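Residue-level structural notes
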Amino acid sequence: MRITFKYLSGGQHALLGEVLYPAQLASDGANQTRFQRYLASPIGSVARDVEACDRVLSMIRDVERGRVETAHHDADDVELTLTRHAVQVDIVVNDQWVDNPDGRFDLETYRLVLEGWRQFLGLPKRLDSIVEVALPDDIH
């Protein structure tokens, strides 16, 4: 599985020039739809900027190190529940996407994707700014 972060062109604006939009794309895997819905697409809501990424990464470290058993992060229409072994991603705009087993990822996988997103947010806003996160084949 591969998660790619890049900018897509939204066309030309009379005053602003070319308008770019961030895109988060899951590809190359049997669970592409699951990873797109619960991991790639919501990451921009979970962490809109580098500082928000750092806050969530700090929460992950606290859980990994046993400082807290469970941590929660609410962002727009996405809620995260972090435990020592997993992250449950709930997309609250659809009841079927809350507490769904497809929204559960191991902590390492979520951390890797969030670190990639953080790296992407630090790049210049250009079409050639791309970060790809290759996930192991045995991810959960």
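Data block above holds the structure.
Presented here is an overview of the structure given in this document. (Residues numbered from 1 in each chain as written. Predicted model: local features only at pLDDT ≥ 70, side-chain atom pairs only at ≥ 80, totals over all residues. Heavy atoms only, no water.)

**Looking at the sheet that holds strand E7 (residues 130-134)**
Taken together, the 3 strands give an open sheet; going across it, the order is E2-E1-E7, and neighbouring strands pair in antiparallel fashion. Strands with a single pairing partner mark the edges of an open sheet, and in this sheet they are strand E2 (17-27) and E7. Taking the axes of each pair of neighbouring strands and ignoring which way they run, one obtains an average angle of 25 degrees across the sheet. Relative to E7, strand E1 (residues 2-13) runs antiparallel, the two being bridged by 5 bridges. Residue pairing for E7: Ile-3 is matched across the bridge by Val-133. (Pairing = 2+ DSSP bridges. Helix = DSSP H or I, 4+ residues; strand = E, 2+ residues; numbered from the N terminus. Axes fitted to C-alpha atoms, helices over the stretch in contact; angles between N-to-C directions.)

**Some details on the environment of Ala-86**
The residue Ala-86 is located in strand E5 (residues 86-91) in this model. If sequence neighbours within four positions are ignored, Ala-86 has contacts with Thr-81, Arg-104, Phe-105, Asp-106 and Leu-107. (Contact = heavy atoms within 4.5 Å.)

**Some points on the pairing of E2**
Pairing analysis gives 10 bridges linking E1 to E2, with the strands arranged antiparallel. Paired with Leu-8 across the two strands is Tyr-21, which belongs to E2.

**Quick notes on helix H1 (residues 32-40)**
All buried positions along H1 are accounted for by Arg-34, Phe-35, Tyr-38, Leu-39 and Ala-40. End-on view of H1: buried residues confined to an arc of 155 degrees, all on one side of the axis. Among the structural elements, E1, E2, helix H2 (43-46), E5, strand E6 (104-106) and helix H4 (107-121) are those in contact with the buried residues of H1. (Buried < 20%, exposed > 50% of the residue type's maximum accessible area, 1.4 Å probe, protein only. Arc of directions from axis to C-beta.)

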